[in-house]
Amino acid sequence: MPILNRAAELQDEVAEWRRHIHARPELLFAVENTAAFVAEKLKEFGVDEIVTGIGRTGVVGLIKGKGEGRRTVGLRADMDALPLTEITGKPWASKTPGKMHACGHDGHTAMLLGAAKYLAETRNFNGNVAVIFQPAEEGGGGGNLMVKDGMMERFDIEEVYGMHNLPGLPVGQFATRKGAIMAATDEFTVTVKGRGGHAAQPHKTIDPIAIGAQIVANLQMIASRTADPLRSVVVSVTKFNAGFAHNVIPNDATFAGTVRTLDPEVRTLAETRFRQIIEGLVAAHGAEAEISFHRNYPVTVNHPDETEHAVATASAIAGEANVNAEIDPMMGGEDFSYMLNARPGAFIFIGNGDSAGLHNPAYDFNDEAIAHGISYWVRLAEQRLGL
């Protein structure tokens, strides 16, 4: 079963919606204009119930099928952009300096709108489809807030599915896996407190830079000597700030970064060892440390049965040869994880072709993927709800 004819017919119209959103990027929860655009389109399509303000600025539309069934399947797209300055030079490039859709959330939103239009026209399913438009995926935890706002209970959602574009995967192809597919994204900030002084008299100081450098190097022992090599963990220090002059050893040094894991046990082990390394090294040198370790998005874990449904749907559209059902897990994070913790479901990647990478100022969503994405959403809803 190839892409739907109606989805192909909608592609140009949906691409225009996508480009409209792309040119007007909004960050985190401040997606009021995007959410208003989404709500207006859903109203235009004749969606039965439209609720705004879930998770602060999220939008959910409920589409009722032809039958008497009460089951509801949720389909989710994210709406927010990133704090980057776009360099694509496209006619629809961001009109707001310092903000751009560098992760394809404009495409995700547009594809789900296209699916909503199709499903509202046909209603060839027995039950309800909840189309979920989420704010603040890029670090704000909007998915978590929507769940905490009672979205699943309010719409009686039994299963929930998400989709994200993947540069490098050819257009028309899909990829997913059972189990952990994306990592937990913990964040840390550490301040090493020493004793400053003259750079020519280091023996009279407790040098926080030297101690901090040792800590950064030793944190890599978590991956190389603490965790099982077959159970992934990444520790990356991405900022290190200290000092203000060539001849002064400062009082303190601050560094920050992220820990990525795919397993709850390894996540706990990594945090424990992280603290032990820092506390041991600062004590050895007579310094002190302030440690802030924030557990951010949990691991994104696909449920087995729902992943099989996702693979079957994608295979029906693209052909089995174009669906990778055992893609390697990725160490990037995704707050769809909160929805998968609340309800069974699956997260799948859709090919974006040979584009710039995600979170790159040269990135743009590939509009050729739109018909494939719409077809996936429609067929998935129809398959899970039947008639």
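No experiment lies behind these values; they were computed from the predicted model shown.

A. Local environment of the sheet that holds strand 8 (residues 184-193). An order of 10-12-8-13 is seen for the 4 strands of this open sheet, with the pairing classed as antiparallel. The outermost strands of the open sheet, each flanked by one partner alone, are strand 10 (233-242) and strand 13 (288-294). Strand-to-strand twist across the sheet, computed as the mean angle between neighbouring axes with direction ignored, equals 15°. Two elements, strand 10 and strand 12 (residues 252-261), share 9 bridges in a ladder whose sense is antiparallel. Paired with V233 across the two strands is T261, which belongs to strand 12. On top of the sheet, helix 8 (residues 264-284) reaches strand 8, strand 10, strand 12 and strand 13; it is set at about 165° to strand 13, its chief contact.

B. Local environment of the UniProt feature "domain: Peptidase M20 dimerisation" (unreviewed entry) in the protein chain. As annotated by UniProt and renumbered to match this structure, "domain: Peptidase M20 dimerisation" (unreviewed entry) occupies residues 188-279. Here residues 188-279 runs as 37% helix and 33% strand, with 14 Å between its end C-alpha atoms.

C. Quick look at the pairing of strand 5 (residues 157-166). By the criterion of burial, strand 5 is predominantly enclosed, with 9 of the 10 residues buried. As judged from the 5 bridges shared by strand 3 (residues 72-78) and strand 5, these two strands associate in the parallel manner. The residue bridging L75 from the neighbouring strand is Y161, located in strand 5. Of the strand pairs in this sheet, strand 5 and strand 16 (residues 345-351) are connected by 7 bridges, and their pairing is parallel. In the sheet register, M163 faces strand 16, and the bridge partner there is I348.

D. Spatial organisation of the packing of helix 1 (residues 5-22) against helix 2 (residues 32-45). It is at 10 Å that the axes of helix 1 and helix 2 come closest, and there the two elements cross at 160°. By the angle between their directions, the pair helix 1 and helix 2 is classed as roughly antiparallel. For the crossing formed where helix 1 meets helix 2, the hand is right-handed. For the pair formed by helix 1 and helix 2, the contact residues are W17, H20 and I21 on the first element and T34, F37, K41 and F45 on the second. For the contact of helix 1 with helix 2, the residue count by class is 4 nonpolar, 2 polar and 1 charged.

E. Just the nonpolar core, in detail. Counting residues in each nonpolar core, the largest one holds 57 residues, and the members touching the most others are L42, L75, F133, F174, Y376 and W377. Apart from residues no more than four positions distant in its own chain, L75 is found in contact with L112, V129, A130, V131, I132, Y161, W377, L380 and A381. Judged by nonpolar contacts, the second largest core, of 24 residues, contains I54, A130, V147 and M182.

F. Local environment of helix 11 (residues 370-385). Between the first and last C-alpha of helix 11 there are 23 Å, a value that for 16 residues agrees with the 22 Å anticipated at 1.5 Å per step. Of all 16 residues that make up helix 11, 14 are buried, and the element is covered over most of its length. Two residues or fewer past helix 11, G386 is found with a positive phi of approximately 60°.

G. Here's a closer look at the side chain of D364. Mapping D364 onto the fold places it in the loop between strand 16 and helix 11. Owing to a relative accessible area of 9%, D364 belongs among the buried residues under this scheme. In this structure the side chain of D364 is engaged in a polar contact, spanning 3.1 Å, whose partner is the side chain of K90. In this structure the side chain of D364 is engaged in a polar contact, spanning 3.0 Å, whose partner is the side chain of W92. Ignoring anything within four residues of it in the chain, the contact list for D364 reads R18, H22, K90, W92, N352 and S355.

Criteria and thresholds
Residue positions are given per chain, counted from 1 along the sequence in the order it is written. Restriction of local features to residues with pLDDT of at least 70 applies here, the model being predicted, together with a cutoff of 80 or more for giving and counting side-chain atom pairs; totals for whole chains, interfaces and linings are based on all residues. The basis for every side-chain value is the complete set of heavy atoms in the structure, and neither hydrogens nor water enter the calculation. The rule for pairing is simple: two strands pair if DSSP sees at least two bridges between them. Secondary structure counts use DSSP, requiring at least four H or I residues in a row for a helix and at least two E residues in a row for a strand, with both numbered from the N terminus. Between N-to-C directions, angles cover 0 to 180 degrees, with each direction set by a line fitted to C-alpha atoms, over the stretch in contact for helices. By definition in these notes, contact holds between two residues if any of their heavy atoms fall within 4.5 Å. UniProt positions are given in the numbering used here, feature names are shortened, and annotations may be inferred rather than shown by experiment. Only protein chains enter the calculation, and the probe is 1.4 Å; a residue is then buried if its accessible area is under 20% of its type maximum, exposed if over 50%, and partly exposed in between. When describing relative orientation, an angle under 35 degrees is termed roughly parallel and one over 145 degrees roughly antiparallel, while 65 to 115 degrees is termed roughly perpendicular and anything else oblique. Crossing handedness is defined as follows: a turn of the near helix away from the far one that is anticlockwise and smaller than a right angle gives a left-handed crossing, while the clockwise case is right-handed. Under the scheme applied, nonpolar residues are Ala, Val, Leu, Ile, Met, Phe, Trp, Tyr, Cys and Pro; charged residues are Asp, Glu, Lys and Arg; polar residues are all the others, including Gly. Each nonpolar core is a collection of buried residues, namely Ala, Val, Leu, Ile, Met, Phe, Trp, Tyr and Cys, held together in the definition by side-chain atoms within 4.5 Å. For a helix, the expected span equals 1.5 Å multiplied by the residue count minus one. We define a polar contact as two N or O atoms separated by no more than 3.5 Å, with the added condition that, inside protein, one atom must be a possible hydrogen donor and the other a possible acceptor, whereas residues neighbouring each other in sequence contribute only through side-chain atom pairs.

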